[in-house]
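Inside the fold
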Amino acid sequence: MKYFAVIDTNVIVSAMLKNDSFPAQVLKEVLLGNINLLINEDILNEYLEVLSRKKFHFPVDVVISLMEEIKKQAIYVDAAPLEEYLPDPDDAVFYEIVMEARKEVDAYLVTGNLKHFPEKPFVVTPKEMIEIINKR
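All of the points below concern the structure found in this document. (Residues numbered from 1 in each chain as written. Predicted model: local features only at pLDDT ≥ 70, side-chain atom pairs only at ≥ 80, totals over all residues. Heavy atoms only, no water.)

**Looking at the overall build of the protein chain**
- A count of helical and extended segments in the protein chain gives six helices and five strands.
- Along the chain direction, N to C, the helices and strands of the protein chain fall in the order β-α-α-β-α-α-β-α-β-β-α.
- Relative to its length of 136 residues, the protein chain is compact, with a C-alpha radius of gyration of 14 Å against a globular reference of 14 Å.
- If one aligns the C-alpha atoms of the protein chain with their principal axes, the spans along those axes are about 40 × 35 × 25 Å. (Helix = DSSP H or I, 4+ residues; strand = E, 2+ residues; numbered from the N terminus. Rg over C-alpha atoms; globule rule 2.2 N^0.38 Å.)

Here it is, written out as structure tokens:
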């Protein structure tokens, strides 16, 4: 079964920092094609900007390779701003994309910061996303 998900930047960073973690499992499912990653240019730019920060010490070639793979596999979604309040306005784009996608498919928003988003059954942690995949 194919899954559709918007992946918060913190999940990508966590996956890169610890390769035996739930975030890493989620990223692996994306790279294997089991999760269709939903993005737009703003999300793509945020991924690149954050992964390129010196504090993480990610090798440039690894970041570039990951970004190229994401670009090849991702499904681009355009979304309009929503009226819903979010504690962190910088996270609005992730919620807007998942809400737009949910008009047509059963999409998830995978994040390590549940408190940044409305409490909805489709806003899940990396562990919950892996559990959803494993149940089916």
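**So, the sheet that holds strand E1 (residues 3–7)**
- Taken together, the five strands give an open sheet; going across it, the order is E3-E2-E1-E4-E5, and neighbouring strands pair in parallel fashion. Of all the strands in the sheet, just strand E3 (75–76) and strand E5 (123–124) have a single pairing partner and so form its edges.
- Pairing analysis gives three bridges linking E1 to strand E2 (residues 35–39), with the strands arranged parallel. Bridge assignment links phenylalanine 4 to a residue of E2, and that residue is asparagine 36. (Pairing = 2+ DSSP bridges.)

**Focus: the packing of helix H1 (residues 9–17) against helix H3 (residues 41–51)**
- Orientation of H1 relative to H3, taken along the N-to-C sense of each, is 40°, at an axis distance of 10 Å. Here H1 is positioned oblique relative to H3, judged by the angle of their axes. In the packing of H1 onto H3, the handedness of the crossing is right-handed. The residues of H3 that touch H1, namely those facing Thr9, Ile12, Val13 and Met16, are Glu46, Tyr47, Val50 and Leu51.
- Looking at the contact of H1 with H3 residue by residue, the classes come out as six nonpolar, one polar and one charged. (Axes fitted to C-alpha atoms, helices over the stretch in contact; angles between N-to-C directions. Parallel < 35°, antiparallel > 145°, perpendicular 65-115°, else oblique. Left-handed = near helix turned anticlockwise from the far one by under 90°. Contact = heavy atoms within 4.5 Å. Nonpolar A, V, L, I, M, F, W, Y, C, P; charged D, E, K, R; others polar.)

**Looking at the pattern of salt bridges**
- Counted under the stated rule, the structure contains four salt bridges.
- Taking the shortest distance from any N to any O, the salt bridge between glutamate 69 and lysine 72 comes out at 3.3 Å. Taken as a pair, glutamate 69 and lysine 72 lie in helix H4 (residues 60–73) at a separation of three residues, close to a single helical turn.
- Judged by its relative accessible area of 63%, lysine 72 is exposed. (Salt bridge = Lys/Arg side-chain N within 4 Å of Asp/Glu carboxyl O. Buried < 20%, exposed > 50% of the residue type's maximum accessible area, 1.4 Å probe, protein only.)

**A few points about the packing of aromatic side chains**
- As enumerated under the stated definition, the model contains two aromatic pairs in all.
- With centroids separated by 5.4 Å and ring planes inclined at 10°, the aromatic side chains of phenylalanine 56 and phenylalanine 58 adopt a geometry described as stacked. The exposure classification of phenylalanine 56 matches that of phenylalanine 58, with both residues buried. (Phe/Tyr/Trp six-rings, centres within 6.5 Å; stacked < 30°, edge-to-face > 60°.)

**With respect to helix H6 (residues 126–135)**
- Burial in H6 covers these residues: Pro126, Met129, Ile130, Ile132 and Ile133. When H6 is viewed along its axis, its buried side chains cluster within an angular range of 155° and face the same direction. When the buried face of H6 is taken as reference, the exposed residues oriented beyond 90 degrees from it are Asn134 and Lys135. (Arc of directions from axis to C-beta.)

**Structural notes on the environment of isoleucine 97**
- Mapping isoleucine 97 onto the fold places it in helix H5 (residues 92–101).
- Residues isoleucine 97 and proline 59, 38 residues apart in the sequence, show an inter-C-alpha distance of 29 Å.
- Once residues within four sequence positions are removed from consideration, isoleucine 97 is found in contact with Val6, Leu38, Ile39, Asn40, Ile43, Val77 and Ala79.

**Considering the pairing of E1**
- Of all five residues that make up E1, four are buried, and the element is covered over most of its length.
- Examined bridge by bridge, E1 and strand E4 (residues 107–110) share four bridges and lie parallel to one another. The partner of valine 6 across the bridge, within E4, is leucine 109.

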